[in-house]
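# Coordinate inspection notes
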Amino acid sequence: MAKRDNLSGKPIRYLAVFIGLGAALILLTIWSINSGSVKISVADITRIILTGEGDEAQVNIVMKLRLPRILAAVLLGGGLALSGFLMQTFFGNPIAGPFVLGISSGSKLFVALTMIIALRFVSYVSSFMMILAAFAGALIAMGFVLLAARAIRQMSMLLVAGIMISYICSAITEFLITFAKDSDIVNLHSWSQGSFSGTKWADVRVFAIVILASFVFVFLLSKPISAYQMGESYAQSMGVNVKRFRVLLILLSSLIAGCVTAFAGPISFVGIAVPHLIKMLLKTAKPILVIPASFLGGGVFCLFCDYVARTAFAPVELSISTVTALFGAPVVIFMLISRHRARE
């Protein structure tokens, strides 16, 4: 009887988690818009967003500065969590993620290289060019990780190899930035540390298409992912083309991680911590639930971290990666300790 009650309570738990995440997202959005040197009331925020009318200065602050940045934190944060979930599925390990495995650093290197080279010949680098460069960097970094995976069977050593790839890419990027002479890339260093600041509506339109389309595609893969989680043999028996499916996982995770890096720079621990937290809250690993919840949770997590980065030491702004590491690293440490105790 108790078992039946437990099962009947699960949909209520799922609903409570989604409602909680949605409420947190709405509250953080209002909080983020209202925070800063200029305070704007909730009534004014609502009127500006719904009608675009109000005090001219407030309208410019909300519509041109704060709202695009909030959308960047929500969408790109959700994308990072989604990319982390895909990599954890691919490698079968909850510690895998775009930042730890060096995927974000590979994207960062290629975006920096593209900007430095392109700005010598043209005055403008398009968002499409940045995404392509980040995607190429992510794929190459993933290729090195996969080569290491063939030679190294232990997941712990594979993660060490990914961290080394990350350090190498970061070192090359810093070298390029240090000796770059173009005055147009003075902000490249702050971007390389991770930031949602300076996001424009043109950027939002581009990454929203990439991230939301990727989310829909990943959600449609919920059943194959669920089968793959049970093992390759089981997935094949369910009609999943495992080789094609693994390629899809690599391409999608690299595209999402590359898109995030192209617009916000490398952001640490979101891809690892958020999917784990979501599974703890839901008490299930079902992809059909974890995928949308991770996307929503990634947006909430990054929006909160962005608020802390902007306001903790205002007017000085911290890099978003510093704050995500501060809150995400303890989750990863707790996860490692829990897994170690479970094996004993």
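A few points on the structure. Everything numeric here is computed off the predicted structure, so don't read it as measured data. (Residues numbered from 1 in each chain as written. Predicted model: local features only at pLDDT ≥ 70, side-chain atom pairs only at ≥ 80, totals over all residues. Heavy atoms only, no water.)

### Some words on the nonpolar core
Core analysis: the biggest nonpolar cluster contains 100 residues, and L76, I103 and F196 have the highest contact counts within it. Here this core gets 18 residues from one element, more than from any other, and that element is helix α3 (residues 56–91). Ignoring anything within four residues of it in the chain, the contact list for I103 reads M87, P98, A138, A141, M142, V145 and A257. (Core = buried A, V, L, I, M, F, W, Y, C linked by side-chain atoms within 4.5 Å. Buried < 20%, exposed > 50% of the residue type's maximum accessible area, 1.4 Å probe, protein only. Helix = DSSP H or I, 4+ residues; strand = E, 2+ residues; numbered from the N terminus. Contact = heavy atoms within 4.5 Å.)

### Structural notes on helix α4 (residues 103–118)
Between the first and last C-alpha of α4 there are 22 Å, a value that for 16 residues agrees with the 22 Å anticipated at 1.5 Å per step. In terms of burial, α4 is largely enclosed, as twelve of its 16 residues are buried. Taken as a whole, α4 has its buried residues at I103, S104, S105, G106, S107, K108, L109, V111, A112, M115, I116 and A118. (Expected span 1.5 Å × (residues − 1).)

### Remarks on the packing of aromatic side chains
Under the defined criterion, the tally for this structure stands at seven aromatic pairs. Between W31 and Y307 the ring centres are 4.3 Å apart and the planes differ by 35°, which places this aromatic pair in the tilted class. Taken together, the residues W31 in helix α1 (residues 2–34) and Y307 in helix α13 (residues 287–311) connect sequence positions 276 residues apart. Ring centres 5.3 Å apart and planes at 65° place the aromatic pair F304 and F327 in the edge-to-face group. Here the residue F304 occupies a position in helix α13, and F327 occupies one in helix α14 (residues 320–343), the gap between them amounting to 23 residues. Here F327 falls in the partly exposed class, since its relative accessible area comes to 32%. One aromatic cluster in this structure is built from F215, F219 and F295. (Phe/Tyr/Trp six-rings, centres within 6.5 Å; stacked < 30°, edge-to-face > 60°.)

### A word on the packing of α3 against helix α12 (residues 270–282)
Where α3 contacts α12, the two axes come as close as 7 Å, and the packing angle between them is 80°. Comparing their axes, α12 and α3 come out roughly perpendicular. Mapping the contact onto sequence places G77, L80, A81, G84, F85 and Q88 in α3 and V270, G271, I272, V274, P275 and K279 in α12. For the contact of α3 with α12, a count of residues per class yields seven nonpolar, four polar and one charged. (Axes fitted to C-alpha atoms, helices over the stretch in contact; angles between N-to-C directions. Parallel < 35°, antiparallel > 145°, perpendicular 65-115°, else oblique. Nonpolar A, V, L, I, M, F, W, Y, C, P; charged D, E, K, R; others polar.)

### Quick word on the environment of S32
Considering the arrangement of structural elements, one finds S32 in helix α1. Here S32 falls in the buried class, since its relative accessible area comes to 3%. Every residue in contact with S32, bar those within four places of it in the chain, is listed here: R66, I70, L303, Y307 and R310.

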